[in-house]
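Given next are the chains, with one letter for each unit.
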Amino acid sequence: MWPLADGLAEPVDRSFEDLLQDPDGVVVIGELDTYPFGFATAMVEEILPQAKGERVGSIRLIYVEPGAREVALGEEMRDLVMDLLRERGISKFDAHVLPGHRLAKNFFEAGGFSARSIVMYHDDER
């Protein structure tokens, strides 16, 4: 279900273009020695009306090539995305993590995140 509901819409290059042009979107490329080894995407999203106009920064994807996962590139991108969103007045953040993906959960917990919701899924055709 993830690539149908939570990944990037195809064509992927168009999704990146849309995010780059969206004033509420953020795209960060993680580089080591000018070579791209990862990316992060985020969106500023509205929350419930009782939040009185406050919005949340929603980190949608962080990907780092396996060979570059031990040099803190993911942490740098996560922190940069949050700093860029803070410049827009955002002080609340969500991060989307697949259920059972312990490494991703640990990654965000190390950055100060804690779980607040789990989305359950059922497919009658499965």
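Given the structure is predicted, the values throughout are model-derived calculations rather than measurements. (Residues numbered from 1 in each chain as written. Predicted model: local features only at pLDDT ≥ 70, side-chain atom pairs only at ≥ 80, totals over all residues. Heavy atoms only, no water.)

Caption draft 1: Spatial organisation of the side chain of threonine 41. Within the fold, threonine 41 resides in strand S2 (residues 35-46). With sequence-adjacent residues up to four places away left out, threonine 41 is seen in contact with Phe16, Leu19, Val26, Val27, Ser58, Ile59, Arg60 and Leu61. (Helix = DSSP H or I, 4+ residues; strand = E, 2+ residues; numbered from the N terminus. Contact = heavy atoms within 4.5 Å.)

Caption draft 2: Expanded view of the environment of arginine 86. Counting through the fold element by element, arginine 86 comes out in helix H3 (residues 73-86). By relative accessible area, arginine 86 is classed as partly exposed at 43%. Through-space distance from the C-alpha of arginine 86 to that of glycine 57 is 8.6 Å; in sequence the pair is 29 residues apart. (Buried < 20%, exposed > 50% of the residue type's maximum accessible area, 1.4 Å probe, protein only.)

Caption draft 3: Geometry of the pattern of salt bridges. According to the stated counting rule, one finds 11 salt bridges in the structure shown. For aspartate 94, the salt bridge identified is with arginine 116, shortest N-O distance 2.7 Å. Highlighted residues: aspartate 94 in strand S4 (residues 93-95) and arginine 116 in the segment after helix H4 (102-110), separated in sequence by 22 residues. Of the residues examined, aspartate 94 reaches a relative accessible area of 17% and is grouped as buried. (Salt bridge = Lys/Arg side-chain N within 4 Å of Asp/Glu carboxyl O.)

Caption draft 4: Quick look at the packing of aromatic side chains. As enumerated under the stated definition, the model contains five aromatic pairs in all. Taking the centre distance of 4.8 Å and the plane angle of 65 degrees together, the rings of tyrosine 35 and phenylalanine 37 count as edge-to-face. Their ring planes at 75 degrees and their centres at 5.2 Å tell us that phenylalanine 108 and phenylalanine 113 sit as a pair that is edge-to-face. The class for phenylalanine 108 is buried, based on a relative accessible area of 8%. (Phe/Tyr/Trp six-rings, centres within 6.5 Å; stacked < 30°, edge-to-face > 60°.)

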